[in-house]
Amino acid sequence: MWTALMTSADEMKSALGAAVNRAEPGLAAADDLCRSCVALLGVDGAAISLIHEGKTQGTFGSSGPTSRRLDELQYTFGEGPCLDAVRDSASVLVADLDEAEGLRWPAYRPAVLGLGVRAVFALPVTVAASYVGVLDLFRKAPGPLTDDQLTGALLAAELAALPVLDLMTADVDWSALGDFDDSWSQLASLERVEVYQATGMIMAQLDIGPAEALVRLRARAFTQGMTASELAWQVVEGRLSLQGDRSWRIPPVDGGTAA
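Reading the values: rules and limits
Residues numbered from 1 in each chain as written. Predicted model: local features only at pLDDT ≥ 70, side-chain atom pairs only at ≥ 80, totals over all residues. Heavy atoms only, no water. Pairing = 2+ DSSP bridges. Helix = DSSP H or I, 4+ residues; strand = E, 2+ residues; numbered from the N terminus. Axes fitted to C-alpha atoms, helices over the stretch in contact; angles between N-to-C directions. Contact = heavy atoms within 4.5 Å. Phe/Tyr/Trp six-rings, centres within 6.5 Å; stacked < 30°, edge-to-face > 60°. Buried < 20%, exposed > 50% of the residue type's maximum accessible area, 1.4 Å probe, protein only.

## Remarks on the sheet that holds strand E2 (residues 55-62)
- The five strands are arranged E2-E1-E5-E4-E3 in an open sheet whose pairing can be described as antiparallel. In this open sheet, the two edge strands, each paired with only one partner strand, are E2 and strand E3 (92-94). When the angles between neighbouring strand axes are averaged without regard to direction, this sheet yields 25°.
- Looking at chain direction, strand E4 (residues 119-127) and strand E5 (residues 130-139) are connected through nine bridges and run antiparallel. The residue of E5 that forms the bridge with Phe 121 is Leu 137.
- In the packing of helix H2 (residues 27-40) onto the sheet, the strands contacted are strand E1 (45-52), E2 and E5, and the crossing angle to E2 comes to about 75°.
- In the packing of helix H4 (residues 81-88) onto the sheet, contacts are made with E1, E2, E3, E4 and E5, and the angle to E5 comes to roughly 140°.

If you want it as structure tokens, here you go:
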């Protein structure tokens, strides 16, 4: 819970910065920063999403399994506050999802409410003036962040760039990813290796391309109330095969024949 003793930006930055510095670089630092956000900012969960070319690449850090699942829903549905924050180049602060405008995030919003979360706050993470991720904060009770909490959240989003930068420089060649089809490059991230593998298997099973295979995986996950990663593990482990399954084929376009 937020402590009144931390009244200055310097004190908040010091406390959050310590979380990044005491952990190993990369994922461990991202997880530690998220846990510190929960301890300091009066929220119940936190996660860091990776964003590339306006699309979520998955969850990089989280305060725990529930926060990771909440963030995963944005990848599964292709919508949510993290994507809006990057698209609009501004923080997205929703104090009460239950009272949010009716058409906002038609799939993500009810799923998050169903998990007992009422407020979400998404703050962009930048590296060299480019949006590379988003810090997502979750709260079970409705209500806005206080001024002090928002100040701390903005500082945390600034510090989140450090572990993200570690990942980018060590593990991800963004320029190389740009040479591939957008939908395929979206899969090729550290946090989505199971989706990458499952999509390749679906491509072979149904003789389709990567973009359609990804759409079908997400659609199947949605209809079964699962995340994309959860369904992907079933495919990878051989517990689910889409061979011959035409019940969720993509509708034909412009009167053509469905694949």
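## Topic: the packing of aromatic side chains
- All chains considered together, the criterion is met by one aromatic pair.
- Ring geometry for Trp 105 and Tyr 108: centres 5.9 Å apart, planes at 90°, overall edge-to-face. Tyr 108 carries the same exposure label as Trp 105, and that label is buried.

## A closer look at the pairing of E5
- Most of E5 sits out of view: eight of its ten residues are buried.
- As judged from the six bridges shared by E1 and E5, these two strands associate in the antiparallel manner. Residue pairing for E5: Ala 47 is matched across the bridge by Asp 136.

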